Amino acid sequence: MSQCAWNTAMRSPFIDGCAVTAEQMQAIESRIFDAGMPVAALMDKVAGLIARRIQTLYPVTSYARVLVLVGPGHNGGDALVVARELHEQGYQVARCYPISKLKPLTQSHNDYADHLGIPQLPSEAIESESQDWDLVIDGLFGFGLTRPIEGAIASLVDTVNAHPAPIVSIDLPSGLDTDTGSILGTAIRATHTLCLGLWKRSLLQDSSLDVVGQPELIDFGLPLSDMQAVVGEDPKCQRLTQALALAALPLPRKPDTYKYKEGHLLLVCGSAQYMGAAILAARSARASGVGMLSVAVPKTLKPILVAHLPDGLVIDCPEDETGAIAHFPESLDLSRYSAIACGPGLTLHAELVVRLLLDRDVPLLLDADGLNVLAGLDTIATLQRRRSPTVLTPHVGEFRRLFPNMEGRRQEAGGRRGKASDRLSQAQMAAQKSQALVILKGAQTVIAAPDGHLWVNPHSTPALARGGSGDVLTGLLGGLLAQNITHQQTATKSGESCDAMNAAISAAQAAVWWHAQSAISAAHQLTELGVDASSLVDFLSPTLENFLRMRAADTA
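About the cut-offs
Per chain, residues are indexed from 1 in the order of the written sequence. Residues qualify for local features only when their pLDDT is at least 70, as the model is predicted, and side-chain atom pairs are given and counted only at 80 or more; totals for whole chains, interfaces and linings, by contrast, use all residues. Excluding hydrogens and water, the side-chain values take into account all heavy atoms of the structure. Stacked, tilted and edge-to-face pairs are distinguished by plane angle, under 30 degrees for stacked and over 60 for edge-to-face with tilted covering the rest, among Phe, Tyr and Trp rings (Trp via its six-membered ring) whose centres lie within 6.5 Å. The rule is simple: take the accessible area with a 1.4 Å probe, protein chains only, and divide by the maximum for that residue type; under 20% is buried, over 50% is exposed, in between is partly exposed. Only DSSP runs of H or I reaching four residues or more are called helices, and only runs of E reaching two or more are called strands; each is numbered from the N terminus. Here, a strand pair is defined by DSSP locating no fewer than two bridges between the strands. The contact criterion used throughout is that any non-hydrogen atoms of two residues lie within 4.5 Å. Only C-alpha atoms enter the line fits that serve as axes; for helices the fit covers just the stretch in contact. Angles between N-to-C directions range over 0 to 180 degrees. Oblique is the label for any angle not covered by the other classes, which are roughly parallel (under 35 degrees), roughly antiparallel (over 145) and roughly perpendicular (65 to 115). In this analysis, the protein atoms alone were mapped onto a 1 Å grid. Cavities are point sets where a 1.4 Å probe fits without being able to get out; pockets are open sets with protein on both sides within 12 Å along at least five of seven lines; lining residues have an atom within 4 Å of a point. Grid points are joined across faces, edges and corners, and a volume is the space filled by probe spheres set on the points. We call Asp, Glu, Lys and Arg charged. Ala, Val, Leu, Ile, Met, Phe, Trp, Tyr, Cys and Pro are nonpolar, and the rest, Gly among them, are polar. By definition, a salt bridge exists where a carboxyl oxygen of Asp or Glu is found within 4 Å of a side-chain nitrogen of Lys or Arg.

**Some thoughts on the packing of aromatic side chains**
Between two aromatic rings, the relevant description is the distance of the centres plus the angle of the planes. Here the structure, examined in full by the defined rule, presents three aromatic pairs. Taken together, a centroid distance of 4.9 Å and an interplanar angle of 85° make the contact between Tyr58 and Tyr63 edge-to-face. A relative accessible area of 5% places Tyr58 in the buried class. By relative accessible area, which is 25% here, Tyr63 ends up partly exposed. Judged by centre distance (5.2 Å) and plane angle (50°), the rings of Phe399 and Phe403 are tilted. Each member of the pair, Phe399 as well as Phe403, carries the same accessibility label: buried.

Below is the structure:
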């Protein structure tokens with residue numbers, strides 16, 4: 001492999017996955033400028049790439065009239081170079097400066113725009129001339145913004161947002177906090193966000209989704225050595241990519257494998273009140289490929305589960321007067337399972353069962369009422385006592401009950417939005433303090449490991465906002481966890497080191513991605529309104545098969 005090809009092969013996964021803070025991005029840029037890269041040369045290069053992408057997205061034949069919002073700093077300088085490039089390609093470009101004082105380099109580009117005759121509009125003219133543009137380029141503020149947008153600039157932003165023309169934001173929508181994703185007073189509502197160099201952490205925050213539009217990375221060739229010098233070879237915050245998720249699957253299987261080498265999962269779920277949750281979790285666990293599947297349910301649910309799961313082992317448990325599991329049968333040996341997943345449809349009446357599992361040395365996944373029982377205990381102390389990996393899959397409400405004091409970083413957003421929490425930092429802190437793997441579900445699900453690493457799934461669909469979707473994730477993740485744990489135990493016997501938490505992380509990466517992609521595939525066929533949890537299970541295997549087939553074709 002040539003040096004150029006090697007650099008590309010190394011850079012691409014890093015660029016695709018790494019997400020940085022404002023401080024980290026500033027440090028990377030400082031390194032390359034200190035090494036001799038002229039700021040003006042880099043600005044021209046970056047803005048040229050932006051302009052070419054805009055021409056592809058918004059061709060001059062349909063978007064001839066362009067309004068460029070220019071800020072005082074280098075983000076404004078980028079916008080001016082973009083304005084120049086679009087002007088030279090035949091676009092009718094007009095500039096608007098809500099802040100008159102510009103940084104020296106930005107002022108130079110402004111002077112040249114004057115020379116080219118690119119018109120300049122005062123801010124107060126924008127509202128009266130609001131029908132005179134087909135496209136807006138947002139270059140007001142970049143990743144250095146820390147103060148709320150207020151006054152006349154806020155009014156300008158609101159006017160632009162109210163206009164029907166699409167908006168392309170350079171690096172970040174102006175008004176978005178780079179790290180937390182909170183809105184600083186008000187913010188541009190972008191149609192496209194062309195993020196520069198590396199993904200910014202705010203783009204992985206659910207709070208930013210309303211303003212980011214379609215995010216896209218513009219790779220302008222930051223040296224890998226400079227990026228790794230700041231964030232390390234294994235960045236703490238990463239986007240969950242397709243390549244990473246596929247690599248985390250327990251594939252390929254060895255030719256001589258058999259069922260007990262592919263994991264044995266025990267699902268503890270269901271009640272008279274929530275029978276369907278047990279069915280959904282069991283069906284998705286079966287779709288995971290786990291070698292053996294046992295399902296512990298209240299006694300009256302056994303015939304129903306057997307009908308849906310003829311290839312599973314259904315364990316009937318004594319139940320209380322509410323139809324919940326009262327306790328496990330005396331003959332049940334919990335040590336025989338590779339992993340246990342507990343919670344879907346359980347109800348709080350099964351508290352004694354959850355408490356028993358928390359005290360056992362077995363990899364444990366808790367969801368739903370498993371989490372609600374845990375929230376009634378000293379969560380941090382209980383989890384810290386466990387020797388085997390614990391995986392938690394809370395939604396935001398469950399997370400708050402589990403970790404009520406886990407505020408993480410907070411950002412004073414000011415203006416109309418008030419405060420906004422940084423859910424990435426919250427999940428990160430919760431995982432580090434509890435030593436559990438925390439999967440904080442949401443529009444962009446966060447996987448937080450005890451060592452401080454984060455992976456965020458940037459691709460999902462509102463179709464998952466349906467009852468039962470979490471039960472599907474629990475079964476799928478439980479099955480992958482059992483397989484990975486068994487593979488790690490087999491590796492240990494052959495002399496290799498066993499790391500059960502890494503096995504759990506890989507299972508989480510694969511399950512979160514697979515679950516979301518299946519929902520996306522289902523929504524394409526059934527619409528976002530038509531994807532229920534049962535149909536989601538039906539899409540699990542076909543979705544994975546499609547991705548594996550495409551990967552095989554790419555490598556052929």
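The discussion continues.
**Things to note about unusual backbone geometry**
With an omega dihedral of -5°, the bond running from Leu251 to Pro252 counts as a cis peptide bond. Its location among the elements puts Pro252 in the loop between helix H10 (242-248) and strand E11 (264-268). A positive phi angle, near 65°, is found at Gln435, a position not held by glycine. Along the chain, Gln435 turns up in the loop between helix H17 (423-434) and strand E19 (437-440). Look at Gln435 and you get partly exposed, because its relative accessible area is 44%. Phi at Thr527 takes a positive value of approximately 75°, unusual for a residue other than glycine. By the secondary structure assignment, Thr527 is in the loop between helix H19 (500-526) and helix H20 (533-555).

**Quick word on the sheet that holds strand E2 (residues 65-70)**
Within the open sheet, the seven strands sit side by side as E4-E3-E2-E5-E6-E7-E9. Their pairing is parallel. Each edge of the open sheet is held by one strand with a lone partner, namely strand E4 (120-121) and strand E9 (214-218). Across five bridges, the pairing between E2 and strand E5 (residues 135-139) is parallel. Following the sheet pairing, Leu69 is matched in E5 by Asp138. Helix-sheet contacts for helix H3 (residues 39-57) involve E5, strand E6 (167-170), strand E7 (192-196) and E9, and the interaxial angle to E7 is about 155°.

**Examining the packing of helix H11 (residues 275-287) against H20**
The geometry of H11 relative to H20 is characterised by a closest axis approach of 9 Å and an angle of 5° between their N-to-C directions. With respect to each other, H11 and H20 are oriented roughly parallel. Side by side, H11 and H20 meet where Leu280, Arg283, Ser284 and Ala287 of the first sit next to Ala533, Ser534, Val537, Asp538, Leu540 and Ser541 of the second.

**Quick notes on empty space enclosed by the protein**
Applying the stated criterion across every chain, the model contains one cavity of 30 Å³ or more. Considered as a void within the structure, the largest cavity measures approximately 30 Å³ in volume. In terms of lining residues, the largest cavity is bounded by Leu80, Val81, Arg84, His109, Tyr112 and Ala113. Listed by contribution, the elements that provide at least two residues to the lining of the largest cavity are helix H4 (74-88) and helix H5 (104-116). Classifying every residue of the lining of the largest cavity by side-chain character gives four nonpolar, one polar and one charged.

**Considering the pattern of salt bridges**
Pairs can form between side chains of opposite charge whenever their charged atoms are close. One pass over the structure, following the stated rule, counts 16 salt bridges. The closest approach of N and O atoms between Glu262 and Arg253, which form a salt bridge, is 3.4 Å. Its relative accessible area of 4% is what places Glu262 among the buried residues. By relative accessible area, Arg253 is classed as partly exposed at 37%. The partner of Asp316 in a salt bridge is Lys302, and the shortest N-O contact between them spans 3.9 Å. A residue pair is termed long-range when its members are at least 10 positions apart, and Asp316 in strand E13 (residues 313-317) and Lys302 in helix H12 (residues 302-308) qualify at 14 residues. Assessed through its relative accessible area of 30%, Asp316 is described here as partly exposed. When its relative accessible area of 30% is taken as the criterion, Lys302 is described as partly exposed.

**Some details on the environment of Met37**
Relative to the helices and strands, Met37 resides in the loop between helix H2 (22-34) and H3. Relative accessible area serves as the criterion here: at 35%, Met37 is assigned to the partly exposed category. When neighbours within four sequence positions are excluded, Met37 is seen to be in contact with Ile32 and Leu42.

**What about the layout of surface pockets?**
Roughly 940 Å³ of volume is contained in the largest pocket. Lining the largest pocket are 41 residues, with Gly442, Ala443, Gln444, Ser460 and Thr461 positioned closest to its centre. Breaking the lining of the largest pocket down by element, the ones donating at least two residues are helix H8 (209-212), E9, helix H18 (469-493) and H19. A per-element tally of the lining of the largest pocket places H18 first, with four residues. Class assignment of the residues belonging to the lining of the largest pocket gives a composition of 18 nonpolar, 17 polar and six charged. As a volume, the second largest pocket reaches approximately 600 Å³. Lining the second largest pocket are 24 residues, and of these Glu29, Gly73, His74, Asn75 and Phe143 lie nearest its centre. Put simply, the parts of the chain that give the lining of the second largest pocket at least two residues each are H2, H3 and H4.

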